[in-house]
Number of protein chains: 2
Amino acid sequence: MTAQTPQTYDDLKEIYQSFISRRDKDRHMNIFWETNPSKFNNGNQSLIELSGGMPNESFFPIESINLNILTEPVSNDTIPSIVTREKPEILSLSRTLQYALSEGFPPLIEFIEKFITKLNNIPLYDKNLWKIILAGGSCDSLFKIFETCTDENSTVMVEELTFVPVVSNIINTGAKIIPLKLNLNNKDEGIDLNYMESLLSNWETGPYKHLERPKFLYTIPTGQNPTGLTQSVEKRRKIYKLAQKFNFVILEDDPYGYLKFPKYNHENPLENPYKDGKSISSDEYIKNVLMKSYISMDTDGRVIRFETFSKIFAPGMRLSFVIMNNFFYDKFLKFQEISTRQPSGISQQIVYSTIHSMTSSKDDKDIIESWLQWIMKLACNYTERRNVMLQALYESESFKIDQFSIVEPSAGMFIIIKINFDESKGNIIEQMNKVFNLMDNNGVRAILGYKMAVDQEFSKDHLNFFRLTYSYADNNNQIKEAINRINKSLLEYFK
Amino acid sequence: MTAQTPQTYDDLKEIYQSFISRRDKDRHMNIFWETNPSKFNNGNQSLIELSGGMPNESFFPIESINLNILTEPVSNDTIPSIVTREKPEILSLSRTLQYALSEGFPPLIEFIEKFITKLNNIPLYDKNLWKIILAGGSCDSLFKIFETCTDENSTVMVEELTFVPVVSNIINTGAKIIPLKLNLNNKDEGIDLNYMESLLSNWETGPYKHLERPKFLYTIPTGQNPTGLTQSVEKRRKIYKLAQKFNFVILEDDPYGYLKFPKYNHENPLENPYKDGKSISSDEYIKNVLMKSYISMDTDGRVIRFETFSKIFAPGMRLSFVIMNNFFYDKFLKFQEISTRQPSGISQQIVYSTIHSMTSSKDDKDIIESWLQWIMKLACNYTERRNVMLQALYESESFKIDQFSIVEPSAGMFIIIKINFDESKGNIIEQMNKVFNLMDNNGVRAILGYKMAVDQEFSKDHLNFFRLTYSYADNNNQIKEAINRINKSLLEYFK
Ligand SMILES: Cc1ncc(COP(=O)(O)O)c(C=O)c1O
Ligand SMILES: Cc1ncc(COP(=O)(O)O)c(C=O)c1O
């Protein structure tokens, strides 16, 4: 397999047909309504539709909605946004309360397209060969991709510690999971390239020789869940090359990409370039802060990118989108049509109207800029929380006497701390549970890292960590208090 | 198999285990977060959660929402409903914008339970053995039930003319579909009982003897799509008995049940008991207007009932619920957890807040009553539209010279007309297409009935109908104009 840039839909079909699941091949959708435009054209008399099974819009109980939108996170200042059956003209309540296209409302998709284009999160091959589809949260998007693509004959590579529900999605299609070694440190963050390359180069003699070669890599490249790690650009380029060489597709799950932080400054722990001095401009944010995504390197159509509104808007919207080549898109859409149909229309309305009301301008450039400003303010808030938690960790007595080490995140919502257990004192999992119980007694909860291992035997050197989230605490003092309690628990444990 | 009333969860498991799909058995969900309550209890210091991957609520861009709710359908009068991060206390924006339980928000589920209890749409067996789950529209609910229950070894009975997407759902799990004959007339509406009984009694010598006996009946008992027919209570009782005798589960899909009409009065076509004289009280509506549902006859746990907010609220909410025994419930929930997770939180919020704002009272009784009033007003509007369309059809020249016959609906959104084709003039489908094209030229669209047949060969006597929707037209005049155009098209065709 040599890499090739697809020129036509037929190219995509030829290259990617083998990435589609057995189940998908049996899938079909019976369409009983007429999709052709009518030939009717009779002056100003219009066609009367007695075909669609749609209720009349005057039967919907909502006349209008006033959204009160925050000017910035954590503030109390609001801007009103009025949504009625007629407004906004381009996406009104009459449309969003009604049945609609499975792929999502075109005005929202068009905004997303302009936005990701501004951010360079788009592929390098022909613009007519990829598309965006909306879904009901990245969980839903990921479920649908695996339903579309994997079956008993598929193998999928995933980071050895990962977002666990995805493991269920994969296993439930019958596919096999192959964990990839992670470097759990700040020197060479994330997937261990040597391990990966050697695994793929020596497949026939390796531990998985009884399985098919992997067709997919599922990865969370930025602010990884649970490790908080971010892959460097060079690492991404090398992994993309491996994908070309060994012909696999990269599933880039990137819910945390926008929450990207400047490096933690040990001299000045609370330094926050998002707000100190002259704050970061949106151009700088795009150029120097955000990480280069896999999709932005994609010449072949082999990257499927998952984004969600959960972390930059609100999880209760259950709204996400997927960027992929038209061949995968068609398969995904077909499955969406015969399963959930369409993400909530009112969620789409609220996301659209909120974004478009953050500025009074109607100019796309200004709308993109104001949405970017919102996102950067979020990133600013997360930076502060990360700083506060890191500082408290570094200053804790337990850390100073080397009871644990810290992996610094540069994106997302998580920090991991690795406990320096004495292995002679017994099984790591038992020791972790003991610390967990002490923490519980002291009033703090964190995620037991080993619960996020795909295979505890494989990850036996990485079972000794806790995942701490700094996003949910009420305020900085609560973060500090939480770290105090962790400190106390560890001191008690090692006493 | 003799029918039995389940007493415990184990009974359910024993009775219904064989109704679960092969795929479901492999399904599992890895939970990595702690679900036990913490032991922490330290005066007024509370547990600090660093575990959940939830964003902080102060990072969501919506401060509050003012909903302007119609006092009745088609009116312009509105009542305001204010939703904030704190209000309504029992289901605030802070909760609905956040990650939440897959089964839906408890306050909304509790309201639904009270509502269906008032309507007697609940099973007869132990109240602790059934539950309600929310999903993203009945399409989503149905998709999930078939994923949970059917596979290559399953056969499912469906009405020979049915809601087509469900056919795709069933086929895509590998299951086989068996069409059931329908009586397309107002004398013995819906499923042909003799046919059904004889099919089941003579299975081993019948046309499907090579298939497993059916495990499921999928039926739309009220205002059926596409035929508009409603099964009588006696028919339902007999079908339930058959279900007990031949051990199948009834999937009762009832999106149109609330839109139930008094009989059309040929003497006084526009008679509408919902508004004429003293209008129907909610007690009368429940007792004498609504049809008895399958679930209300269910002693065994063998009915799964599907309801949706699409027709009584708005399709853009993508919100539905399913009532079923706890064993099916657990399987459904598990699948929901590893696929779409939860229906839109904001959809749940808006439905909850709208219903609870239709009266200023906080008393459950009043809230149920005011929601019922809304639904009855909808039914009133649909009755009027049905009347207008039926009257126009009966008065049309084409009907008077016997070019078509009419099947009168007593619920839902559809009327079918059967064209009296001369079979010697050729294939029915070709003739239908010609009429369709004439209608198109005259500016009216309806659904070609044959497109909603599961098997055109099986339904060869029922291919000659059009499904007309009276819900979507702008007003009564448009309905009349549409029928004019149909009349014109048929006169042209038969000329
Ligand atoms: C890596 C990863 N992917 C996907 C998701 C789910 O996102 P969504 O809320 O869009 O379903 C999460 C959320 O926790 C996540 O951490
Ligand atoms: C019989 C039947 N079932 C289910 C549905 C879908 O309902 P929902 O909008 O809840 O997905 C429809 C809608 O047209 C229908 O006619």
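None of the values given here were measured: they were computed from a predicted structure.

1. Some points on the packing of aromatic side chains
All names here are of chain A. Throughout the structure, instances matching the rule amount to 46 aromatic pairs over all chains. Each ring, one from Y9 and one from F327, has its centre 6.3 Å from the other, and the planes form 65°; the classification is edge-to-face. In this pair, Y9 sits in helix 1 (residues 9–16) while F327 sits in helix 10 (residues 326–337), placing the two residues 318 residues apart along the sequence. In this structure F327 comes out as buried when scored by relative accessible area, which is 2%. An aromatic cluster is built from Y9, Y16, F19, F216, F327 and F328, whose rings are joined through pairwise contacts. A cation over a ring is seen here: K181 above F458, with NZ or CZ 5.6 Å from the ring centre.

2. Some details on the site of ligand 2
Around ligand 2 there are 15 residues in total, and Y99 of chain A together with S138, D253, Y256 and R318 of chain B lie nearest to it. Lying at an intersection of chains, ligand 2 is approached by residues of chains A and B. Between ligand 2 and D253 of chain B there is a distance of 2.6 Å, counted from a nitrogen atom to a side-chain nitrogen or oxygen. Protein coverage of the free-state accessible area of ligand 2, which is 400 Å², stands at 97%. Of all the cavities here, the one that holds ligand 2 is the largest pocket. Of the residues that constitute the shell around ligand 2, the class distribution is seven nonpolar, five polar and three charged.

3. Focus: the interface of chain A and chain B
Tallying the contact residues gives 117 residues for chain A and 117 residues for chain B. Between chain A and chain B lies a buried interface of about 10200 Å² when both sides are counted; carbon and sulfur atoms form 58% of it. Among the residues chain A hides against chain B, the three largest losses belong to F32, L50 and R445 of chain A. Together they make up 9% of the total. Our count for the contact surface shared by chain A and chain B stands at four salt bridges. Across the salt bridge formed by R445 of chain B and E49 of chain A, the nearest N and O atoms sit 3.7 Å from each other. Here chain A is connected to chain B by 49 residue pairs in polar contact (both at pLDDT 80 or more). It is strand 2 (residues 62–70) of chain A that provides the largest number of residues to the side of chain A that touches chain B, a total of nine residues.

4. Some details on the nonpolar core
One finds Y285, W371 and F466 of chain A together with Y285, W371 and F466 of chain B to be the most contacted residues of the largest nonpolar core, which totals 330 residues. Beyond its immediate stretch of four places on either side in the chain, Y285 of chain A contacts Y258, Y274, I280, L290, L372, I375 and M376 of chain A. With eight residues, the next largest nonpolar core counts M29, F143 and I338 of chain A together with I338 of chain B among its residues.

5. Structural notes on the packing of helix 4 (residues 106–118) of chain A against helix 12 (residues 364–395) of chain A
A pair of packed helices is captured by two measures, namely the crossing angle of their axes and the spacing between those axes. Residues and elements named next belong to chain A. Here helix 4 crosses helix 12 at 70°, and the two axes come no closer than 10 Å. As far as their axial angle goes, helix 12 and helix 4 are roughly perpendicular. Crossing of helix 4 over helix 12 shows right-handed handedness. Within the contact between the two elements, helix 4 uses F111, K114, F115 and K118 and helix 12 uses D364, I367, I368, W371, L372 and I375.

6. Section: the pattern of salt bridges
In this structure the tally under the stated criterion is 45 salt bridges over all chains. Across the pair K275 of chain A and E384 of chain A runs a salt bridge whose closest N-O atoms are separated by 2.7 Å. One end of the pair, K275 of chain A, is in the loop between strand 10 (249–253) and helix 9 (282–289); the other, E384 of chain A, is in helix 12, with 109 residues separating them in the sequence. Note that D140 of chain B is salt-bridged to K144 of chain B, the shortest N-O span being 2.8 Å. Of this pair, D140 of chain B and K144 of chain B both sit in helix 5 (residues 138–149), four residues apart, which is roughly one turn of that helix. Accessibility classification places D140 of chain B together with K144 of chain B in one group, the buried group. Bridged by salt links that share partners, the residues R23, D24, R27, E147, K331 and K334 of chain A together with R23 and E147 of chain B form one connected network.

7. As for the domain arrangement of chain A
Residues and elements named next belong to chain A. Split by domain assignment, chain A resolves into domain 1 (9–30 + 86–371) and domain 2 (379–494). Using only C-alpha atoms to locate each centre, domain 1 and domain 2 end up separated by 28 Å. Contact residues are listed per partner, giving 44 residues for domain 1 and 33 residues for domain 2. In total, domain 1 and domain 2 occlude about 3300 Å² of area from one another, counting both sides; carbon and sulfur atoms represent 63% of this. Three residues stand out in domain 1 for area buried against domain 2, namely L184, F261 and Y264, and they jointly supply 23% of the buried area on that side. Summed over the shared surface of domain 1 and domain 2, the result is two salt bridges. Contributing elements (two or more residues each) for the side of domain 1 that touches domain 2: strand 5 (155–159), helix 6 (164–172) and strand 6 (176–180). Per-element tally for the side of domain 1 that touches domain 2: the top contributor is strand 6, with three residues.

8. Here we look at the sheet that holds strand 6 of chain A
Within a sheet, each strand pairs with its neighbour through backbone hydrogen bonds, oriented either parallel or antiparallel. Residue and element names in this part refer to chain A. Taken together, the seven strands give an open sheet; going across it, the order is 4-12-11-10-9-5-6, and neighbouring strands pair in mixed fashion. Bordering the open sheet on either side are strand 4 (130–135) and strand 6, each of which pairs with just one other strand. Going across the sheet, the axis of each strand differs from the next one's by a mean of 20°, ignoring polarity. Here strand 5 pairs with strand 6 via five bridges, running parallel. Bridge pairing in strand 6 places V156 opposite I177. Sheet contacts for helix 5 (residues 138–149): strand 4, strand 5, strand 9 (216–219), strand 10, strand 11 (303–308) and strand 12 (320–325); angle to strand 11, the most-contacted strand, approximately 155°.

9. Here's the deal with the relation of the copies chain A and chain B
After a rotation of 180° and a shift along the axis of 0.0 Å, chain A superposes on chain B with an RMSD of 0.0 Å. Interpreted geometrically, this transformation is the action of a two-fold axis. Judged by C-alpha distance, N66 of chain A is the residue of chain A that lies nearest the rotation axis, at 2.5 Å. Comparing interface residues between copies, 100% of those in chain A also lie at the interface in chain B; the contact surface is shared.

Thresholds, definitions, all that
Positions within a chain are numbered from 1, following the residues in the order the chain's sequence is written. The order in which chains are written sets their letters, starting at A; the order in which ligands are written sets their numbers, starting at 1. For a predicted model such as this one, the threshold for reporting local features is a pLDDT of at least 70, and the threshold for listing and counting side-chain atom pairs is 80 or more; totals across whole chains, interfaces and linings nevertheless cover every residue. Each side-chain value is worked out from all heavy atoms of the structure, with water and hydrogens disregarded. Only the six-membered ring of Trp is used, alongside the rings of Phe and Tyr, when aromatic pairs are assigned; centres must lie within 6.5 Å, and planes under 30 degrees apart are stacked while those over 60 apart are edge-to-face, with the rest tilted. In this description a helix means any DSSP run of H or I spanning at least four residues, a strand means any run of E spanning at least two, and both kinds are numbered starting from the N terminus. For every residue, the accessible area obtained with a 1.4 Å probe (protein chains only) is divided by the maximum for its type, and the residue is called buried under 20%, exposed over 50%, and partly exposed between those limits. A ring is scored as having a charge over it whenever the NZ atom of a lysine or the CZ atom of an arginine sits within 6 Å of its centre and within 35 degrees of its normal. To be near a molecule or strand, a residue needs just one of its heavy atoms within 4 Å of it. The definition of a polar contact used here is a pair of N or O atoms within 3.5 Å, where within protein one atom must be able to donate a hydrogen and the other to accept one, and adjacent residues in sequence count solely through side-chain atom pairs. Using a 1.4 Å probe, accessible areas were evaluated by the Shrake-Rupley method; residue-level cover was limited to the displayed protein chains. Whether a set of points on the 1 Å grid over the protein atoms alone is a cavity depends on a 1.4 Å probe fitting there but being unable to get out, while an open set qualifies as a pocket with protein on both sides within 12 Å along at least five of seven lines; lining residues are those with an atom within 4 Å of a point. For a cavity or pocket, the test is whether more than half of a molecule's atoms lie within 2 Å of its grid points; if they do, the molecule sits there. Throughout this entry, Asp, Glu, Lys and Arg are counted as charged residues, while Ala, Val, Leu, Ile, Met, Phe, Trp, Tyr, Cys and Pro are counted as nonpolar. The remaining residues, Gly among them, count as polar. Contact between two residues is taken to exist if any of their heavy atoms lie within 4.5 Å; hydrogens are not considered. Accessible-area loss on putting two parts together, using a 1.4 Å probe and summing over both, is the definition of buried area adopted here. Within this document, salt bridges are pairs made up of a side-chain nitrogen of Lys or Arg and a carboxyl oxygen of Asp or Glu, the two lying within 4 Å of each other. Buried Ala, Val, Leu, Ile, Met, Phe, Trp, Tyr and Cys residues that are joined via side-chain atoms within 4.5 Å together make up what is termed a nonpolar core. Lines fitted to the C-alpha atoms define the axes, with helices restricted to the stretch that makes contact. Angles between their N-to-C directions range from 0 to 180 degrees. Should an angle fall under 35 degrees it is taken as roughly parallel, and over 145 as roughly antiparallel, whereas 65 to 115 is taken as roughly perpendicular and any remaining angle as oblique. Handedness of each helix crossing follows the sense of rotation of the near helix against the far helix: counterclockwise by less than a right angle gives left-handed, clockwise gives right-handed. For the domain bounds, the source is a domain assignment made automatically or taken from a database. Two strands pair if DSSP finds at least two bridges between them. Our superposition of the copies is a least-squares fit, built on the C-alpha atoms of residues whose pLDDT is at least 70 in both.

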